[in-house]
Amino acid sequence: MGKIHSLSDAISKFVHDGDHLVFGGFTTNRKPYAAVYEILRQGQKDFIGESGPAGGDWDMLIGEGRVKAFNNCYIANSGFTNVCRRFRKAVETGELLVEDYSQDVLMLQLHAASLGLPYLPVRLMMGSDLVDKWGISKEERQKIDKLPNDKFVIQDDPFHPGHKVVLCPVPEIDTAIIHVQTASPDGTCRIVGDEFHDVDIAVAAKHCIVTCEEIVSDEEIRKDPTKNSIPGFCVDAVVLAPYGAHPSQCYGLYDYDKKLFQDYDKASKTDEDFKSFLDEWVYGVKDHEEYLNKLGAVRLSKLKAVPGFGYSVDMTKEGK
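Described below are features of the structure shown in this document. (Residues numbered from 1 in each chain as written. Predicted model: local features only at pLDDT ≥ 70, side-chain atom pairs only at ≥ 80, totals over all residues. Heavy atoms only, no water.)

1. A short note on the overall build of the protein chain
Within the protein chain one finds 13 helices and 13 strands. In terms of its C-alpha atoms, the protein chain occupies a principal-axis envelope of roughly 65 × 50 × 45 Å. When burial is assessed residue by residue, the protein chain has 52% of its 320 residues classed as buried. The contacts in the protein chain between residues at least 6 apart in sequence include a share of 71% that link residues at least 24 apart. In the form shown here, the protein chain has an accessible surface area of approximately 14,700 Å², with 51% of it arising from carbon and sulfur atoms. Side chains of the protein chain carry 37 positive and 50 negative charges; the gap between the two charge centres is 3 Å. (Helix = DSSP H or I, 4+ residues; strand = E, 2+ residues; numbered from the N terminus. Buried < 20%, exposed > 50% of the residue type's maximum accessible area, 1.4 Å probe, protein only. Contact = heavy atoms within 4.5 Å. Areas by Shrake-Rupley, 256 points an atom, 1.4 Å probe, with all protein chains shown as cover. Lys, Arg positive; Asp, Glu negative; His and termini not counted. Charge placed at Lys NZ, Arg CZ, Asp CG, Glu CD.)

Here is the structure:
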């Protein structure tokens with residue numbers, strides 16, 4: 001069956017201590033939570049994180065002390081937590097090395113990685129603290145092989161004398177993890193809705209794990225190649241994981257789980273409640289299947305997106 005793996009096998013094979021890791025999705029949209037939970041269960045650590053627009057996925061790994069350094073532009077469970085609380089605590093207590101780039105620059109860095117560029121020249125961030133201050137010092141960077149020695153380098157624009165450009169490092173990604181609606185055994189993926197930076201990281205990474213809502217045959221996914229997003233040669237492992245983005249949403253299929261995000265927002269305020277939350281929802285279940293059984297069919301059915309809206313709506317209520 002081509003590249004089809006179990007979730008446990010995919011994570012153990014392609015995610016290792018110290019990896020430069022990046023996830024697809026956007027805050028509460030199509031985040032690969034099933035894969036993140038499996039990483040937590042298996043115990044891999046010391047990651048260099050390339051966040052993109054991050055959410056609870058990275059916040060949980062940071063809260064559990066699994067992240068050594070984090071290149072960040074934005075981390076929040078939008079609408080529930082403005083700045084993820086475990087991330088904030090780790091920064092305030094000095095437990096996490098964090099470097100800040102603007103969101104547009106970080107996304108362009110990921111695109112530059114997909115193009116194989118050695119660095120990214122931009123004028124963005126100039127005139128702001130993002131170029132005046134470093135989150136990770138040069139001395140700290142030299143201690144970690146997978147961090148560039150400089151946050152950036154400013155030099156003269158060779159084509160426009162008198163103008164400056166900011167040369168930003170391009171990440172060398174070990175593993176990308178992405179959740180999609182549909183994939184085939186050869187690794188071809190179909191993303192419905194906004195692709196965010198997912199195609200870029202699939203192309204750029206040395207290894208790519210894809211979790212998906214459904215697996216269709218290679219022949220079926222090739223019937224309309226205009227709908228496909230990621231070519232099979234970029235993907236190492238395809239994992240069938242229905243509701244694998246839960247509690248985030250998966251466009252066209254299900255909405256985000258408001259209750260679970262609210263519960264996580266409350267629990268992540270303290271160390272004790274955070275640990276209790278993970279004990280219940282991550283370590284307290286042996287795998288993704290048991291996680292879905294714990295959630296229950298009724299809860300999941302209420303998240304189903306209504307065609308025409310794209311999100312969950314109770315159509316039985318008056319006035320709907």
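2. Comments concerning a nonpolar patch on the surface
On the surface, Phe309, Tyr311 and Met315 cluster together into a nonpolar patch covering about 300 Å² of accessible area. With respect to the secondary-structure elements, Met315 resides in the segment after helix 13 (297-301). Met315 sits in the partly exposed class, given a relative accessible area of 42%. (Patch = residues over 30% accessible without salt bridge, like charges linked within 9 Å, V, L, I, M, F, W, Y side chains within 5 Å. Salt bridge = Lys/Arg side-chain N within 4 Å of Asp/Glu carboxyl O.)

3. Digging into the sheet that holds strand 9 (residues 164-169)
Sheet architecture is open: three strands sit in the order 7-9-8, paired in antiparallel fashion. Both outer strands of the open sheet, strand 7 (119-122) and strand 8 (153-156), are each paired with one neighbouring strand and no more. The sheet shows a mean angle of 30 degrees between the axes of neighbouring strands, direction not considered. Sheet topology note: the strand 7/strand 9 ladder contains four bridges and is antiparallel. Note on strand 9: the bridge partner recorded for Val122 is Val166. (Pairing = 2+ DSSP bridges. Axes fitted to C-alpha atoms, helices over the stretch in contact; angles between N-to-C directions.)

4. Observations concerning helix 11 (residues 271-281)
Taken together, the buried positions of helix 11 are Phe274, Phe277, Leu278 and Trp281. Down the axis of helix 11, the buried side of the element spans an arc of 95 degrees, and every buried residue falls inside it. Where helix 11 is buried, its residues meet helix 2 (33-42), helix 3 (56-63), helix 4 (85-92), helix 10 (258-267), helix 12 (288-295) and helix 13. (Arc of directions from axis to C-beta.)

5. Quick word on the state of the cysteines
Under the criterion given, the structure shown has zero disulfides. Free cysteine: Cys168, not disulfide-bonded; nearest cysteine sulfur from Cys73 at 13 Å. For Cys212, which is in no disulfide, the shortest distance to another cysteine sulfur is to Cys189 and amounts to 7.4 Å. The exposure class assigned to Cys212 is buried, which follows from its relative accessible area of 0%. (Disulfide = S-S within 2.5 Å.)

6. Re the pairing of strand 12 (residues 207-215)
Bridge analysis of strand 10 (residues 175-183) against strand 12 gives eight bridges, and the strand direction is parallel. Looking at the pairing, Ala176 lines up with Cys208 of strand 12.

7. Focus: the packing of helix 10 against helix 11
In a packed pair of helices, the relevant descriptors are the angle between the two axes and the axis-to-axis distance. With their axes 8 Å apart at the nearest point, helix 10 and helix 11 run at an angle of 140 degrees to one another. In this structure, helix 10 contributes Leu260, Asp263, Tyr264 and Ala267 to the contact, and helix 11 contributes Asp273, Phe274, Phe277 and Trp281. For the contact of helix 10 with helix 11, the class distribution of residues is six nonpolar, no polar and two charged. (Nonpolar A, V, L, I, M, F, W, Y, C, P; charged D, E, K, R; others polar.)

8. Some details on the nonpolar core
Core analysis: the largest hydrophobic core is formed by 52 residues, its most contacted members being Ile39, Trp58, Met60, Phe70, Ile177 and Ile209. With seven residues, the single largest contributor to this core is helix 2. Ignoring any residue separated from it by four or fewer positions in sequence, one finds Ile39 in contact with Ile11, Val15, Leu21, Phe23, Gln44, Phe47, Leu61, Arg66 and Ile177. Counting 33 residues, the second largest nonpolar core, distinct from the first, contains Cys73, Leu120, Phe152 and Ala183. (Core = buried A, V, L, I, M, F, W, Y, C linked by side-chain atoms within 4.5 Å.)

9. Remarks on the environment of Ile39
One can find Ile39 in helix 2. Residue classification places Ile39 among the buried residues on the basis of a relative accessible area of 0%. Placed 24 residues apart in sequence, Ile39 and Val15 show a C-alpha to C-alpha distance of 7.9 Å.

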